[in-house]
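# Geometric and topological summary
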Amino acid sequence: ETGVTQTPRHLVMGMTNKKSLKCEQHLGHNAMYWYKQSAKKPLELMFVYSLEERVENNSVPSRFSPECPNSSHLFLHLHTLQPEDSALYLCASSHGLAGGIKSKNIQYFGAGTRLSVL
Amino acid sequence: AQTVTQSQPEMSVQEAETVTLSCTYDTSENNYYLFWYKQPPSRQMILVIRQEAYKQQNATENRFSVNFQKAAKSFSLKISDSQLGDTAMYFCAFNGGGATNKLIFGTGTLLAVQP
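Presented here is an overview of the structure given in this document. (Residues numbered from 1 in each chain as written. Chains lettered and ligands numbered in written order. Predicted model: local features only at pLDDT ≥ 70, side-chain atom pairs only at ≥ 80, totals over all residues. Heavy atoms only, no water.)

What follows deals with the overall build of chain A. Tallying secondary structure elements over chain A gives zero helices and eleven strands in all. Secondary structure elements of chain A occur, N-terminal to C-terminal, as β-β-β-β-β-β-β-β-β-β-β. For 118 residues, the compact-globule estimate of 2.2 N^0.38 gives 13 Å, and the C-alpha radius of gyration of chain A, at 14 Å, lies within 12% of that figure. Reported as C-alpha extents along the three principal axes, the dimensions of chain A are approximately 45 × 30 × 30 Å. Scored against the burial criterion, the 118 residues of chain A give a buried share of 48%. Considering only contacts within chain A whose residues lie at least 6 apart along the sequence, 56% involve residues at least 24 apart. On chain A, roughly 5500 Å² of surface is accessible, and the fraction owed to carbon and sulfur atoms is 51%. Averaging the positions of the 12 positive and the 9 negative side-chain charges in chain A gives two centres separated by 7 Å. (Helix = DSSP H or I, 4+ residues; strand = E, 2+ residues; numbered from the N terminus. Rg over C-alpha atoms; globule rule 2.2 N^0.38 Å. Buried < 20%, exposed > 50% of the residue type's maximum accessible area, 1.4 Å probe, protein only. Contact = heavy atoms within 4.5 Å. Areas by Shrake-Rupley, 256 points an atom, 1.4 Å probe, with all protein chains shown as cover. Lys, Arg positive; Asp, Glu negative; His and termini not counted. Charge placed at Lys NZ, Arg CZ, Asp CG, Glu CD.)

Following this line, the structure appears as structure tokens:
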């Protein structure tokens, strides 16, 4: 079992659908992240949560709605997406946001959800 | 703004040989962290190696080592004794240690290890 688990692995949805991506970490971390990975582009940070509080919203459209009910779970709710939103969505976690002996500023990633918007 | 540049979209190496992947970055900060992540076909982003900018000694992890040149803002990854399982996308990433622990990634280098 990997430390960060994402479900589903693949998702196909229409532009009018509502779906959610789930991320769960088993590492005892208290910070979680959503990234978008599009072809030929660098990973883009979307959201950052620390202790269930959102601390970064990187100019992401409102059709993406994150939720962090506790430090182990992170969701990304999707509605009325556009075809250009098709991408690999990666979740990551870390031991806090600041550096330190435990954190070392290292983020641990899940295997992502491959999203296709038709 | 910080940027990370990986100028080699694809590289190929023979099994057991050594290969070096390039990465340059731009920042005005003095203390920061640099990473190499590996993304195999399974899509899991795996940490390969980490370097703290205030440490002059180059980081090493088994067959993986870096050449960190702070003045030149260069952070290359050397893979020795390449193995078939090293085939993957390799991403260089910068972390300025800010309040959100933000990672800035390059566009990646696709490494193919040939038998």
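The next subject is the state of the cysteines. Inspection of the entire model under this criterion finds two disulfides over all chains. Bridging Cys-23 of chain A to Cys-91 of chain A, the disulfide has an S-S length of 1.9 Å. The S-S bond linking Cys-23 of chain A to Cys-91 of chain A shows a torsion near -75°; that makes this disulfide left-handed. Of the two residues, Cys-23 of chain A sits in strand E3 (residues 18–25) while Cys-91 of chain A sits in strand E9 (residues 87–94), which places them 68 residues apart along the sequence. Summarising the burial analysis for this pair, Cys-23 of chain A and Cys-91 of chain A share the class buried. Each sulfur in the disulfide pair Cys-23 of chain B and Cys-92 of chain B lies 2.0 Å from the other. On the sign convention where negative means left-handed, the S-S torsion of about -70° between Cys-23 of chain B and Cys-92 of chain B marks this disulfide as left-handed. With Cys-23 of chain B in the loop between strand E3 (19–21) and strand E4 (24–26) and Cys-92 of chain B in strand E10 (residues 88–95), the pair connects residues that are 69 residues apart, well separated along the chain. There is no split in this pair, since Cys-23 of chain B and Cys-92 of chain B are both buried. A disulfide-free cysteine, Cys-68 of chain A has its sulfur positioned 9.0 Å from the sulfur of Cys-91 of chain A, the nearest such atom. The class for Cys-68 of chain A is buried, based on a relative accessible area of 11%. (Disulfide = S-S within 2.5 Å.)

On to the interface of chain A and chain B. Taken together, the contact pairs 31 residues of chain A with 22 residues of chain B. Note on chain A versus chain B: buried area summed over both sides is about 2000 Å², and carbon and sulfur give 50% of it. Looking only at chain A, the three residues that lose the most surface to chain B are Leu-43, Asn-105 and Phe-109 of chain A, adding up to 26% of its buried area. Along the contact surface separating chain A from chain B lie zero salt bridges. (Buried area = accessible area lost by both parts, 1.4 Å probe. Salt bridge = Lys/Arg side-chain N within 4 Å of Asp/Glu carboxyl O.)

Side chains carrying opposite charge are able to pair once their charged atoms draw close together. In total, this model carries six salt bridges over all chains according to the counting rule given. Here Arg-63 of chain A ties to Asp-85 of chain A by a salt bridge, and the two come within 2.7 Å at their closest N and O atoms. Linking Arg-63 of chain A in the loop between strand E6 (53–57) and strand E7 (64–70) with Asp-85 of chain A in the loop between strand E8 (73–79) and E9, this pair joins segments that are 22 residues apart in sequence. As far as burial versus exposure is concerned, Arg-63 of chain A and Asp-85 of chain A are alike and both buried. Residue Asp-86 of chain B is joined to Arg-63 of chain B by a salt bridge in which the shortest nitrogen-to-oxygen separation is 2.8 Å. Placement of the pair is Asp-86 of chain B in the loop between strand E9 (74–79) and E10 and Arg-63 of chain B in the loop between strand E7 (60–61) and strand E8 (64–69), with a sequence separation of 23 residues.

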